[in-house]
Every structure is written in C-alpha cells, then in structure tokens.
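Single-letter residue listing:
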Amino acid sequence: MSTKQTLAGVVLGTSLLCLGAANALAADETLRSLAEKNNIYIGAILNSQWFSGGLPGNYEQIHKTQFNIVVAENEMKFDATEPNEGQFNYGNGDRMVKYAKANGMRVRGHALAWHSQVPGWVSQKYSGKKNELLRVLKNHIEKVVGHWKGQIDEWDVVNEAISNNEPMWRSQSVWYQGIGPEFIDSAFVWTHAVDPDAELCYNDYNLEQGINPKAKAGFLLEQVKRWVANGIPITCVGSQTHVEDTTTDKHFIGSPDSLRSLAKELAKLNIKLKITELDIGFKSGINVSKSDLERQGKTFREYLDIILEEPNADTYLIWGVSDKWSWLGGLNRQKGLIYDDNLKPKPAFDSIMVRLQNFEPPQDTTKQDTTATDTTKTDTTKTDTTKTDTTAQDTSKQAIAHLGSLEALSMHFAGRTLSVTGAVAAKVEVFDMQGRPVFSAKGVNGSVELKGVSEGLYIVRVRSGSTNLTQKIAIK
Ligand code: G3I
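Residues numbered from 1 in each chain as written. Predicted model: local features only at pLDDT ≥ 70, side-chain atom pairs only at ≥ 80, totals over all residues. Heavy atoms only, no water.

## Quick word on the site of the ligand
In the neighbourhood of the ligand, 15 residues make up the surrounding shell, with E73, K77, H110, E277 and W319 lying closest. Contact distances for the ligand include 3.0 Å between a nitrogen atom and a side-chain N or O atom of E160. In isolation the ligand exposes 790 Å². Once the protein is present, 46% of that is buried. Broken down by class, the residue content of the shell around the ligand amounts to three nonpolar, eight polar and four charged. (Near = heavy atom within 4 Å. Polar contact = N/O pair within 3.5 Å; in protein donor to acceptor, adjacent residues only side chain to side chain. Areas by Shrake-Rupley, 256 points an atom, 1.4 Å probe, with all protein chains shown as cover. Nonpolar A, V, L, I, M, F, W, Y, C, P; charged D, E, K, R; others polar.)

Right under this line is the structure:
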C-alpha cells in the first residue's frame with residue numbers, strides 16, 4: 001500500500017498480529033488510569049510553588065490527570081505545622097487534602113519526626129532534655145495526626161534517622177541526641193494510637209545499595225525485624241530513591257536490583273516497600289543528550305518494575321512533576337523528572353507509560369494489603385480477570401470490530417503502513433517493549449510508513465488533540 005493520504009476501509013493486514021485486545025486502542029490512557037488498573041499508586045509532590053500559587057495552570061491539570069497519590073513537598077513538615085510551640089498551622093495541609101479528596105487521590109503525610117526542618121524553638125528550649133522532647137514530639141504527633149485522622153492514608157512517621165556513613169543511627173538529630181533511638185519506637189506507637197487505620201512508614205534515602213549489614217538498607221532491615229518482633233506498628237518502608245544517572249554522575253551508589261532485594265526481605269516481614277521521592281538526576285552543568293534521556297527512561301522503568309512485580313510494593317511517587325521546579329539543583333543535579341521545563345513529557349514519561357500499557361500481571365498475584373482499607377481506591381487484585389481472550393484469531397476479529405466501532409480517532413495497519421482515521425495532524429510514536437522510542441512522525445493526517453522499524457513487538461501510540469490511542473503490534 002502506498003503512503004499516500006488514503007483513509008477508507010483499510011483492512012487489518014494478515015501479516016499483522018494484534019495482541020492484547022484488552023489493551024488495544026485504550027483511548028486517553030494516563031499513568032493514573034494504568035496505575036489503578038494495576039492496583040498501584042503513581043504520584044508526584046504538590047511542590048511548594050503550588051501552595052504559593054506560582055505555577056502555570058496546566059501543572060495541576062497534569063497532576064490530577066496523571067497521578068493518584070500526592071504528598072506535600074514541605075507544607076506538612078514540623079516547621080510548617082508547628083512553627084511556634086503549641087501554635088499549629090494546618091492551612092496548607094488542609095488545602096492539599098481538599099484537592100486530593102476532590103480528585104480521588106491517596107494522601108501521604110510527610111513527615112512527623114525528622115532531624116531537618118525542625119523549628120528553632122525545639123532545640124533552643126529543649127535540646128538534651130529527654131522528658132521535654134518526648135512531651136513535645138508526642139504532642140506534635142497527636143495534634144497533627146489527630147487533625148487529619150482518616151484523611152491521611154499513610155504517614156512518614158520517621159524520616160532519615162540512619163547515618164549515611166556507617167550502619168548506625170544519625171547522631172545529628174535533636175530527637176536522637178535528646179531521647180536516643182527509642183524516639184522512633186515511640187513515634188510509631190503514638191501515631192498508631194491516634195490513627196490506627198493509617199499506614200505507618202519509616203522513610204529514608206540511599207536504600208538502593210544492597211542489604212548487606214554494612215549498607216544503610218542492611219542496618220534498616222535489622223531494625224525493622226526488631227520493631228516487628230516488638231509489636232511496633234510499622235507497616236511500610238519508604239525508599240526515597242533520589243538516585244543519579246550512573247553514566248554521567250560517578251557517585252553511583254544504588255540500583256533497582258538492590259532496592260528489589262530490600263523489598264523481598266521486607267515481604268518476609270509483611271512490610272510494604274514504597275518508592276516515595278523518586279528522581280533520577282544528571283550531574284549539573286553537563287549537556288544531557290537524547291540518548292541520556294532515553295537511558296534515564298529505562299531506569300525509571302526499572303524502578304517501576306519493582307512496584308509492578310513485587311507483591312508488597314504499591315507506590316511509585318516522583319519528587320516533582322517538571323524539571324523546572326525541582327529541588328535537585330541543591331544537590332548539583334538536573335533534569336531528574338518526567339516532564340521537562342515546559343511541562344512536556346520526556347522519554348521517561350513514555351518509558352513508564354509503555355511499561356504500564358504492556359505489563360501483564362503474573363497470574364494469582366494479589367497486591368499485599370497489610371493494612372487498613374484505602375479510603376481513596378477500589379481494591380482490585382493484580383490479576384486482571386477481565387482480560388479478553390488474546391489468541392490471535394479471536395483478537396484480530398475483536399480488534400477489527402473495535403476499530404470499526406470507534407467514531408473518532410482510530411488506526412489501521414497493513415504491513416508497515418499505519419493509517420489513522422479521524423485525526424488532524426496526529427502524532428505517531430512507536431516504542432519497543434522496553435519503552436525505547438523507535439519511530440515517530442508528526443502531522444499525520446492519513447497514512448505513514450513505519451520506515452526502518454525492524455520485525456518484532458511494538459507499542460504504537462497515536463495522539464490527536466487530547467486523545468491517545470495505543471495498540472500492541474507485531475511486525476513480521
Ligand atoms: O519557605 C521559605 C521561604 O519563606 C524563604 O523565602 C525561602 C528562601 O530562603 O526558603 C523557603 O524555605 C525553603 C523550603 O524548601 C520551602 O521552599 C527552604 O529554604 C529549603 O531548604 C527547603 O528545601 C526543601 C528540603 O526538603 C529541605 O530539607 C525542598 O524543597 C524539598 O524538596 C526537600 O525535600 C526532602 C524531603 O522532605 C525528605 N527527603 C529529601 C528531600 C530532598 O531534600
């Protein structure tokens with residue numbers, strides 16, 4: 001068939017095998033819709049610019065369309081919620097909770113006990129005074145958790161209490177110095193007493209280095225075993241996962257496989273693993289190429305694979321939406337998120353989108369739900385029992401029938417020629433099964449030849465206006 005602009009009646013090519021009819025042509029798929037299909041949460045912070053009103057309108061539109069879980073970048077930390085002793089400030093947190101509930105999103109509370117962003121009055125008045133510090137921390141937790149009881153689905157009860165340099169507690173902490181490590185146990189008990197339905201996490205970074213006892217994750221694992229044995233009500237570990245692109249930044253310290261090994265150990269303890277602050281940055285000041293961005297997309301997908309594949313992992317939260325408003329500059333890193341400075345999706349967005357579109361949950365795998373019913377999402381098992389029969393014979397018929405039923409945008413194939421119906425200047429993108437782009441064309445108003453695409457399995461995505469269509473194909 002020629003590549004001229006012809007639309008009508010192209011029959012699905014016999015050389016083409018359409019797989020996964022249930023996945024084909026799912027218009028308007030988003031990270032959120034696919035996360036919910038796979039019974040996981042994908043989210044991003046509401047960053048501080050959102051609270052101060054300094055963002056373009058489409059930031060929030062993207063956020064609520066693409067994500068089903070949210071956390072405040074700074075606005076629910078100790079210094080924001082109790083800036084002066086006994087004076088509590090819930091305004092920003094209330095705004096975020098209202099936004100989340102209005103958009104059916106799960107809510108993370110971050111963070112109750114942390115060495116950083118503690119208001120000055122705590123140290124100035126109570127440094128080294130154990131009983132006073134216990135009273136202050138208990139009161140803070142009871143007031144803040146009590147204010148949002150039943151509205152915050154999970155809390156970072158304790159954040160970053162482990163030293164970065166050797167397997168021991170972080171000493172530079174007003175809580176550790178004044179109380180000792182038992183402030184952690186108490187914080188979990190106090191939080192659970194106020195809101196027994198909330199999931200309670202210990203949250204930290206650099207947990208992607210493996211679980212040998214000398215590694216941070218190894219030390220943490222030993223503490224989790226002790227907490228669980230002692231009946232401390234911890235239900236989850238948050239891995240912040242602020243990592244760097246290992247090719248351009250030689251401070252490589254972690255890997256998805258290492259984090260997965262932690263997830264597997266935590267599963268034995270019936271503890272969930274959550275990715276809570278993901279960004280994959282490049283060293284500041286270097287030129288980031290297209291292939292760098294595609295490699296970044298592969299790494300984003302490898303971390304997502306943990307959440308999709310490990311039964312006790314359910315959250316993939318990115319510490320920002322757009323590179324333009326990321327904290328990473330402070331860490332001498334750049335471009336660590338999935339949308340660029342102009343809020344356009346990067347290859348990392350495509351990579352995780354395609355992964356979600358073609359993820360087939362292993363049979364009889366149900367996401368581990370070790371805690372209270374989630375107030376914001378219907379619970380479905382990971383095994384999708386609604387998948388239609390995907391044998392080639394039936395699928396082709398269903399696919400053709402489905403194509404025929406679409407009034408607007410639709411796509412047809414013959415050989416290597418893609419024909420797009422009902423589109424104006426559609427954008428066509430083809431990805432391999434690892435999420436790497438292999439072909440793209442813009443302004444397609446009819447047919448386009450998928451030139452240079454070798455034989456194999458692919459995901460085709462056609463975008464026209466606000467409509468996305470995707471389909472799995474095998475080109476022979
Ligand atoms: O609110 C003040 C503002 O009034 C003032 O004008 C401005 C200039 O000094 O500072 C503003 O406070 C800043 C705050 O972010 C809110 O924007 C602080 O200086 C700044 O240090 C703070 O940085 C935050 C950082 O935590 C603090 O440790 C980042 O935005 C935030 O992304 C980052 O998030 C942490 C997680 O909570 C825990 N895991 C690591 C992660 C990255 O550090």
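Having seen it, we continue.
## Things to note about the nonpolar core
Formed by 97 residues in total, the largest nonpolar core has its most connected members in W155, V158, W175, Y316 and I338. Ignoring sequence-local partners within four residues, the contact set of Y316 consists of Y41, I42, G43, I275, L278, F300, R301, Y303, L304, I307 and I352. Counting residues in hydrophobic clusters, the runner-up holds 21 residues, among them A426, F439, V462 and L469. (Core = buried A, V, L, I, M, F, W, Y, C linked by side-chain atoms within 4.5 Å. Buried < 20%, exposed > 50% of the residue type's maximum accessible area, 1.4 Å probe, protein only. Contact = heavy atoms within 4.5 Å.)

## Topic: the state of the cysteines
In this structure the tally under the stated criterion is one disulfide. Across the disulfide, C201 is cross-linked to C236 (sulfur-sulfur distance 2.0 Å). Residues C201 and C236 share a disulfide whose torsion about the S-S bond is about -100 degrees; that sign makes it left-handed. Of this pair, C201 sits in strand 6 (residues 199–204) while C236 is found in strand 7 (residues 236–239), placing the two residues 35 residues apart along the sequence. The exposure classification of C201 matches that of C236, with both residues buried. (Disulfide = S-S within 2.5 Å. Helix = DSSP H or I, 4+ residues; strand = E, 2+ residues; numbered from the N terminus.)

## Section: the sheet that holds strand 16 (residues 447–449)
Taken in spatial order, the three strands line up as 12-13-16 in an open sheet, and their pairing is antiparallel. Every other strand in the sheet has two partners, leaving strand 12 (410–414) and strand 16 as the edge strands with one partner each. Between one strand axis and the next, the sheet turns through 20 degrees on average, direction left out of account. In terms of strand pairing, strand 12 meets strand 13 (residues 417–421) through five bridges, oriented antiparallel. Bridge pairing links A414 to T417 in strand 13. (Pairing = 2+ DSSP bridges. Axes fitted to C-alpha atoms, helices over the stretch in contact; angles between N-to-C directions.)

## What to know about the confidence of the model for the protein chain
When pLDDT is averaged along the protein chain, the result is 85, and 82% of the positions lie at 70 or above. Overall, residues 1–25 carries pLDDT values under 50, and its contacts beyond four positions in sequence, including any with other chains, amount to 71 contacts. Of the regions scoring below 50 in pLDDT, residues 369–407 engages in 71 contacts with residues more than four places distant in sequence or in other chains. (pLDDT = per-residue confidence, 0-100.)

## With respect to the packing of aromatic side chains
Applying the stated criterion across every chain, the model contains 13 aromatic pairs. Here the aromatic residues W169, F188, Y202, F219 and W227 are joined through ring pairs into a cluster of three or more. For R95, the ring lying beneath its charged end belongs to W50, and the centroid distance is 4.2 Å. The ring of Y205 has K216 sitting right over it, with the charged end atom 3.7 Å from the ring centre. (Phe/Tyr/Trp six-rings, centres within 6.5 Å; stacked < 30°, edge-to-face > 60°. Lys NZ or Arg CZ within 6 Å of the ring centre and 35° of its normal.)

## Concerning helix 7 (residues 130–147)
Taking 1.5 Å of rise per residue, the 18 residues of helix 7 would be expected to cover 26 Å, and the 26 Å separating its terminal C-alpha atoms lies within 8% of that figure. Buried residues of helix 7: L133, V136, L137, H140, I141, V144 and V145, and no others. Viewed end-on, helix 7 has its buried residues packed into an arc of 135 degrees, placing them on one side of the element. Structurally, helix 7 contributes buried residues whose contacts are with helix 4 (78–81), strand 4 (106–114), helix 6 (120–126), strand 5 (154–159), helix 8 (174–179) and helix 9 (182–194). (Expected span 1.5 Å × (residues − 1). Arc of directions from axis to C-beta.)

## So, the pattern of salt bridges
Scanning the entire structure with this criterion turns up 35 salt bridges. Ionic pairing is found between K268 and E265, a salt bridge with its closest N-O pair at 2.8 Å. Residue K268 and its partner E265 are both found in helix 11 (residues 256–268); the two are separated by three residues, about one turn of the helix. Of the charged contacts, one joins R355 and E309 as a salt bridge, the two residues approaching to 2.9 Å between their closest N and O atoms. A residue pair is termed long-range when its members are at least 10 positions apart, and R355 in helix 13 (residues 347–358) and E309 in helix 12 (residues 290–309) qualify at 46 residues. (Salt bridge = Lys/Arg side-chain N within 4 Å of Asp/Glu carboxyl O.)

## Some remarks on unusual backbone geometry
A cis amide bond, omega -5 degrees, links H110 with the succeeding residue A111. Residue placement: A111 occurs in strand 4. In this structure, N270 is a non-glycine residue whose phi angle is positive, near 65 degrees. Taking relative accessible area as the criterion, N270 reaches 43% and is therefore assigned partly exposed. Positive phi outside glycine occurs at K335, with the angle close to 50 degrees. Relative to the helices and strands, K335 is located in the loop between strand 11 (333–334) and helix 13. Relative accessible area serves as the criterion here: at 32%, K335 is assigned to the partly exposed category.

## Here we look at the packing of helix 10 (residues 216–229) against helix 11
Between helix 10 and helix 11, the least distance of the axes is 11 Å, while the angle of their chain directions is 10 degrees. Classed by the angle they form, the pair helix 10 and helix 11 counts as roughly parallel. On helix 11, the residues touching A217, L221 and V224 of helix 10 are L262, E265 and L266. Residue composition of the contact of helix 10 with helix 11, by class: five nonpolar, no polar and one charged. (Parallel < 35°, antiparallel > 145°, perpendicular 65-115°, else oblique.)

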